[in-house]
Amino acid sequence: MDSVRIDKYLWAIRVYKTRSEATEACNGNKVKIAGVNAKPSKAVKVGEVIEVRKGSALFTYKVLALSENRMGAALVPEYAENLTPESEMAKMHAPRETILYQRDRGAGRPTKKDRRILDDLMDSLD
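Scoring rules and cut-offs
Residues numbered from 1 in each chain as written. Predicted model: local features only at pLDDT ≥ 70, side-chain atom pairs only at ≥ 80, totals over all residues. Heavy atoms only, no water. Helix = DSSP H or I, 4+ residues; strand = E, 2+ residues; numbered from the N terminus. Buried < 20%, exposed > 50% of the residue type's maximum accessible area, 1.4 Å probe, protein only. Contact = heavy atoms within 4.5 Å. Areas by Shrake-Rupley, 256 points an atom, 1.4 Å probe, with all protein chains shown as cover. Arc of directions from axis to C-beta. Core = buried A, V, L, I, M, F, W, Y, C linked by side-chain atoms within 4.5 Å. Pairing = 2+ DSSP bridges. Axes fitted to C-alpha atoms, helices over the stretch in contact; angles between N-to-C directions.

A. Expanded view of the overall build of the chain. In terms of helices and strands, the chain carries 5 helices and 7 strands. Tracing the chain from N to C terminus, the helices and strands come up as β-α-α-β-β-β-β-β-α-β-α-α. Viewed in the frame of its principal axes, the chain has a C-alpha envelope of about 65 × 25 × 25 Å. Within the chain, the fraction of its 126 residues that count as buried is 25%. Counting contacts in the chain only where the partners sit at least 6 residues apart, residues at least 24 apart contribute 45% of the total. For the chain, the exposed surface amounts to about 8900 Å²; the carbon and sulfur share of it is 50%.

B. Representation of helix α2 (residues 19-27) within the structure. Of all the residues in α2, the buried ones are Ala22, Ala25 and Cys26. The buried residues of α2 occupy one face: seen down the axis, they fall within an arc of 100°. Opposite its buried face, α2 presents the exposed residues Glu24 and Asn27, each directed more than 90 degrees away. Residues of α2 that are buried in the fold lie against α1 (6-12) and β2 (31-33).

C. Structural view of the nonpolar core. Counting residues in each nonpolar core, the largest one holds 25 residues, and the members touching the most others are Ile6, Tyr9, Leu10, Tyr16, Val31, Ile50 and Val52. Going through the elements one at a time, α1, α2, β2, β5 (49-54) and β6 (57-63) are the ones with two or more residues in this core.

D. Just the sheet that holds β2, in detail. Pairing is antiparallel in the open sheet, where 5 strands are placed in the order β3-β2-β5-β6-β7. The open sheet has two edge strands with one neighbour each: β3 (36-37) and β7 (80-82). The pairing of β5 with β6 spans 6 bridges and is antiparallel. Among the inter-strand pairings, lysine 54 is bridged to a residue of β6, identified as alanine 57. Of the strands in this sheet, β5, β6 and β7 are in contact with helix α4 (residues 86-93), which crosses β6 at around 130°.

Quick look at the structure:
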């Protein structure tokens, strides 16, 4: 075996829980091989670098060996090397701030003034 479909490979090395999730990620331009968007049927070869965007984090993997079958988590390091920097990993575990803006029930749609207050609140968080 000298190549494997990218969606099968990402599912096999446990980047995605299902193959359909991997396919959707490829179709949504969240997966790149050597900096180029990858369609689900794109062939992956040993030595290539794969970039996967999950949320705000960008994961990077180097293909060490090929497999079409899903494997246990303990076997994944034999097939893919995780090159993701620690700063990207921290993005996945960063706490998300919750914004609470309470309006009275039945007050109707927000006015322009309410909208400006919300915009100021959001700008203060950035």
